[in-house]
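Below, each chain spelled out in residue letters.
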Amino acid sequence: TSLASSSSAFPLEQYLFFSLFLQVLLVFAKEDSQSNGFCWACEKANFRCSMARTPESALECFLEKHHDLIIIDHRHSRHFDAEALCRICHDSVWVLTSFLTSRPDREEASVMPLINAGFNRRYVENANMMACYNELLQLEHGEVRSQFKLRAGNAIFTAMEQSQEAIEITSEDQVIQYVNPAYESITGYQQGELIGKEIIEVPKSEKNKPDLLETINSCIRKGKEWQGIYYAKKKNGDSIQQNVKITPVIGQGGKYKDRRKGSLDVRSTTSRGSDGSSQRRHSSMARIHSMTIEAPITKVINIINAAQESSPMPVAEALDRVLEILRTTELYSPQLGTKDEDPHTNDLVGGLMTDGLRRLSGNEYIFSTKQPHHIPGQLTTPLSLNDIPPRIAQTMENEDSWDFDIFNLEAATMKQPLTYLGLKIFSRFGVCEFLNCPEATLRSWLQVIEANYHSSNSYHNSSHAADVLHATAYFLCKERVKQSLDPIDEVAALIAATVHDVDHPGRTNSFLCNAGSELAILYNDTAVLESHHAALAFQITTRDDKCNIFKNIERNEYRTLRQAIIDMVLATEMTKHFEHVNKFVNSINKPLAALEENGNRILVKRMLIKCADISNPCRALELCIEWAGRISEEYFAQTDEEKRQGLPVVMPVFDRKTCSIPKSQISFIDYFITDMFDAWDAFADLPNLMQHLDNNFKYWKGLDEKKLHNLRPPPE
């Protein structure tokens, strides 16, 4: 591309950048006023300067620092062979070399022998410091900067040669200047057949809209980037669909914006030539098909694009529809049908997977953030694992079984199941040993966490937390899960399960956002409850040494553990349910080693706590029925309060007078549970859970078919 010289001033900060890093090597056989002149000039210009007296020391110094500018004293050729030294330096790296000669005789000799040796500039002897300084500035602003750009240019062209994306560069007059190997392989043309030709000489596909080229040219003439679908024609006559980005590029002094922030705003400018005439700066257009740095979804789209080429029309049209879906942002969120779809499904999805209608009522909803949270000093002295009363110990005998009855423990412990079950499970997994934590600290921690669950909630209370802890411990014992996770992952999972709903107000995220609650404002209506659970858990744990189970672990280990706990608690938020499930499904098709190597343990941990959190439909029938009644009651209470406060009713079907609990359970299982547990079962091998799920689904279906709305059929 032809570029005119720029008349714009070079910014001071860029000059300083060059100056601070420019390396100069002075090769002088002996010290004199000339060598001192260049030393002074280097210091004045802020260049880094090295001095060598012999060819050997010069070469050694050069090979160590690879100077940008070498000045060789040619006045005393008897001391060393300046031409030989110059050739050696040029063989090592592309450098600029200036040479020094004494005042010329009356008849000027040709400089060609010296240029052939590698010198590219001659400086006539002049020891004046300003003369030396001016020479250095001219070299830096001319040849040195040009060399910097050339070095970068070599790297850029190497990158384009290696790129798997097709790249074509044309002049502003649309003459092809360069195509890379990927372009050749995609189109079937060779460089020699294209370079020097105008674009209009290359056959075009009839699939393009008639006015497409004019649209593109109009965009480029305005200095704007164009991006879209373009059909090129291969050498063999086939059409090929390409995602094309055409970018106008101008030379030094042009203005541009980061393409990630919008279109590239490049304008043609003019500068005065040496003859005073106005010379136009020519621009180049780089056509980059797809993105140079690909996201996985881009790779998928490119694969589909390639498949379309050889597909019959019905398949190509179907793939077009696939591409439309893939280009949306909500790839993992299923799209509900019309409003005529089952209202129970609509309401569950709306209530659990959105953050509300964002309509503030004026009656701001305030809950426990204004009340002091329970602290260890307010609690009774915790019991030791060995001191657990026999009747409570008896209810926990089969806590390692899936059919363990959490409600028996709830009754036996006077609604404190989390502390007792936590002591048992944490002991079984050696959590105190891992954390180097006294049992008394663990007991205090479990009690203070349980005290911050709301016993007034029908569902989101410490019994639910204990149930999730039990399921988590059960899953951690499955062989495939054990193979996938490290001990620190197991400890993180048990802690995350224990705290995952701490201080839950018994209302959904949608409710809190609609009510303008303090927490919704604090967390910007995003993962409000889950963010609160994670943050409060660490506040409670670390504010008092009596319950700080993390006190004795090493800092880096604590950071790793904290990150894992937070990630798992946030994974229980339902808005990303399908994202987590689909990522996990995509990962389990890989070998176990690949799971570990790729760091996908995090997907296993997210899936584990998600399944534990909503495992109610996979419990024994009586347990499933009890949980269904409790969650329904909590949703009924929320609907009642929404109506009282004039808030949007998030889940209208959960009206205690009209709700069909069987229908709500069927929708929940169909929409959230079945696919997730199918995937989890395929990974962890859980046939007993899947059998319970099947039995429970049939139970709810049976009630619904009889048009019954309650938890159980009426007595015979």
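Cut-offs used in this document
Every residue gets a number counted from 1 within its own chain, in the order that chain's sequence is written. Under the rules for a predicted model, residues below a pLDDT of 70 receive no local features and side-chain atom pairs below 80 are neither given nor counted, while totals for whole chains, interfaces and linings still include all residues. Hydrogens and water are ignored here; the side-chain numbers use all heavy atoms of the structure. Aromatic rings from Phe, Tyr and Trp, with only the six-membered ring used for Trp, were paired whenever their centres fell within 6.5 Å, and each pair was classed as stacked if the ring planes differed by under 30 degrees, edge-to-face if by over 60, and tilted otherwise. Secondary structure elements follow DSSP: runs of H or I of four or more residues count as helices, runs of E of two or more count as strands, with numbering from the N terminus. Exposed residues in this analysis have more than 50% of their type's maximum accessible area, buried residues have under 20%, and partly exposed residues fall in between, with area computed by a 1.4 Å probe over protein chains only. Cavities and pockets were defined on a 1 Å grid built over protein atoms only: a cavity is a set of grid points that admits a 1.4 Å probe from which the probe cannot escape, a pocket is an open set flanked by protein on both sides within 12 Å along at least five of seven lines, and lining residues are those with an atom within 4 Å of any such point. Grid points are joined across faces, edges and corners, and a volume is the space filled by probe spheres set on the points. Residue polarity follows a fixed list, in which Ala, Val, Leu, Ile, Met, Phe, Trp, Tyr, Cys and Pro are nonpolar, Asp, Glu, Lys and Arg are charged, and the others, Gly among them, are polar. Think of a patch as exposed residues, more than 30% relative accessible area, with no salt bridge, where like charges cluster within 9 Å and nonpolar side chains (Val, Leu, Ile, Met, Phe, Trp, Tyr) cluster within 5 Å. Accessible surface is estimated by sampling points in the Shrake-Rupley manner with a 1.4 Å probe; for residues, cover comes only from the protein chains shown. When a carboxyl oxygen of Asp or Glu lies within 4 Å of a side-chain nitrogen of Lys or Arg, that pair is called a salt bridge. What is meant by a nonpolar core is a set of buried Ala, Val, Leu, Ile, Met, Phe, Trp, Tyr and Cys residues, joined one to another through side-chain atoms within 4.5 Å. When checking whether two residues touch, look at their non-hydrogen atoms; a contact exists if any pair is within 4.5 Å. Strands are labelled as partners when DSSP assigns at least two bridges between them. The handedness of a crossover follows from its direction of travel: if, with the strands pointing away from the viewer, the path from the first strand over the helix to the second runs clockwise, the crossover is right-handed. To get an axis, a line is fitted to the C-alpha atoms, and for a helix only the part in contact is used. The angle between two axes follows their N-to-C directions and goes from 0 to 180 degrees. Oblique is the label for any angle not covered by the other classes, which are roughly parallel (under 35 degrees), roughly antiparallel (over 145) and roughly perpendicular (65 to 115). Note: crossing handedness is left-handed where the near helix turns anticlockwise from the far helix by less than a right angle, and right-handed where it turns clockwise. Multiply 1.5 Å by the residue count of a helix minus one, and that product is the helix's expected span. The pLDDT value expresses, per residue, how confident the predictor is, ranging between 0 and 100. Under the rule applied, a polar contact is a pair of N or O atoms within 3.5 Å (in protein, one hydrogen donor and one hydrogen acceptor; residues adjacent in sequence only if both atoms are side-chain atoms).

In this structure the tally under the stated criterion is 21 aromatic pairs. Judged by centre distance (6.1 Å) and plane angle (40 degrees), the rings of Phe426 and Trp445 are tilted. On the criterion of sequence distance, the pair formed by Phe426 in helix 15 (residues 417-428) and Trp445 in helix 17 (residues 439-451) is long-range, its members being 19 residues apart. The same class applies to Phe426 and to Trp445, which are both buried. Ring plane angle 45 degrees and centroid distance 5.5 Å describe the contact between Phe668 and Phe672, whose orientation is recorded as tilted. Placement of the pair is Phe668 and Phe672 together in helix 29 (residues 661-684), with a separation of 4 residues, close to one helical turn.

Turning our attention to the layout of surface pockets. Its boundaries defined by the atoms lining it, the second largest pocket holds a volume of some 740 Å³. Lining the second largest pocket are 43 residues; nearest its centre among them are Leu352, His460, Thr572, Met574 and Tyr635. Looking at the lining of the second largest pocket, the elements with two or more residues in it are helix 12 (343-353), helix 21 (509-514), helix 23 (528-542), helix 28 (621-645) and helix 29. No other element matches the 6 residues that helix 28 contributes to the lining of the second largest pocket. Looking at the lining of the second largest pocket, its residues break down into 16 nonpolar, 18 polar and 9 charged.

Turning to a nonpolar patch on the surface, a few remarks are in order. On the surface, Trp40, Met129 and Met130 cluster together into a nonpolar patch covering about 280 Å² of accessible area. Within the element layout of this structure, Met130 appears in helix 6 (residues 129-162). With a relative accessible area of 39%, Met130 lands in the partly exposed category.

Counting residues in hydrophobic clusters, the biggest one holds 113 residues, and the most contacted among them are Trp445, Phe475, Phe550, Leu561, Phe677, Trp680 and Trp700. When residues in this core are grouped by element, the largest group, 13 residues, is from helix 29. Apart from residues lying up to four places away in sequence, Phe550 is in contact with Leu435, Ile495, Phe538, Thr541, Tyr558, Leu561 and Ile565. If you look at the next biggest cluster of nonpolar residues, it comprises 18 residues, including Val24, Ala41, Cys42 and Val144.

Moving on to the pairing of strand 1 (residues 23-27). Within strand 1, 5 of the 5 residues are buried, which leaves the element mostly enclosed by the surrounding structure. Both strand 1 and strand 2 (residues 48-52) contribute to a ladder of 5 bridges, which runs parallel. When the bridges of strand 2 are listed, Gln23 appears paired with Arg48. Traced from strand 1 through helix 2 (residues 33-44) to strand 2, the parallel crossover comes out right-handed. Bridge count for strand 1 against strand 3 (residues 69-73) is 4 bridges, and the pairing is parallel.

It is the contact of helix 25 (residues 577-588) with helix 29, at a shortest axis distance of 10 Å, that shows an interaxial angle of 25 degrees. When the axes of helix 25 and helix 29 are compared, the pair comes out roughly parallel. Here helix 25 runs over helix 29; the crossing is left-handed. Contacts between helix 25 and helix 29 pair His577, Phe578, Val581, Phe584, Val585 and Ile588 from the former with Tyr671, Phe672, Met676, Ala679, Trp680, Ala682 and Phe683 from the latter. A per-class count over the contact of helix 25 with helix 29 returns 12 nonpolar, 1 polar and no charged.

Bringing the packing of helix 25 against helix 27 (residues 601-613) into the picture now. One can describe the packing of helix 25 onto helix 27 by two numbers: an axis separation of 10 Å at closest approach and a directional angle of 130 degrees. As judged from the angle between their axes, helix 25 and helix 27 are oblique. Where helix 25 crosses over helix 27, the handedness of that crossing is left-handed. Mapping the contact onto sequence places His577, His580, Val581, Lys583, Phe584 and Ser587 in helix 25 and Leu603, Val604, Arg606, Met607 and Lys610 in helix 27. Within the contact of helix 25 with helix 27, the residues separate by chemical class into 5 nonpolar, 3 polar and 3 charged.

With 13 residues, helix 17 extends 18 Å between its outermost C-alpha atoms, agreeing within 8% with the 18 Å of an ideal straight helix rising 1.5 Å per residue. Burial within helix 17 is extensive, with 10 of its 13 residues counted as buried. Turning to helix 17, its buried residues are Thr441, Leu442, Arg443, Ser444, Trp445, Leu446, Gln447, Val448, Ile449 and Glu450. Tucked inside the fold, the buried residues of helix 17 contact helix 15, helix 16 (431-435), helix 18 (462-476), helix 20 (487-499) and helix 23.

This model, assessed by the stated rule, comprises 20 salt bridges. A salt bridge links Asp467 to Arg619; the nearest nitrogen and oxygen atoms lie 3.0 Å apart. Taken together, the positions of Asp467 in helix 18 and Arg619 in the loop between helix 27 and helix 28 put the pair 152 residues apart, joining distant regions of the chain. Of the two residues, Asp467 and Arg619, neither departs from the other in class, the shared state being buried.

This part is about the pairing of strand 6 (residues 167-171). Within strand 6, 5 of the 5 residues are buried, which leaves it mostly tucked inside the rest of the structure. Going residue by residue along strand 6, you find Ile167, Ile169 and Ser171 tucked away on one face and Glu168 and Thr170 tucked away on the opposite face as well. Both strand 6 and strand 7 (residues 176-179) contribute to a ladder of 3 bridges, which runs antiparallel. The partner of Thr170 across the bridge, within strand 7, is Ile176. A loop of 4 residues connects strand 6 with strand 7, the two strands running antiparallel in sequence, and Gln174 in this loop sits at a positive phi of about 65 degrees.

A word on the confidence of the model for the protein. Across the protein, pLDDT averages 80, with 76% of residues at or above 70. When mean pLDDT is compared element by element in the protein, helix 18 scores highest at 98, while strand 10 (residues 270-272) scores lowest at 31. Every residue in residues 358-363 is under pLDDT 50, and counting partners more than four places away or in other chains gives 14 contacts.

Topologically, Lys605 is positioned in helix 27. Judged by relative accessible area, which is 9%, Lys605 ranks as buried. Apart from residues no more than four positions distant in its own chain, Lys605 is found in contact with Leu485, Asp489, Ala564 and Met568.

Among the secondary structure elements, Asn128 is positioned in the loop between strand 5 (122-124) and helix 6. Looking at Asn128, the relative accessible area reads 44%, which means it is partly exposed. Placed 95 residues apart in sequence, Asn128 and Ser33 show a C-alpha to C-alpha distance of 8.5 Å. Polar side-chain contacts of Asn128 include one of 2.9 Å to the backbone nitrogen of Met130. From its side chain, Asn128 meets the backbone nitrogen of Ala131 in a polar contact 3.1 Å long.

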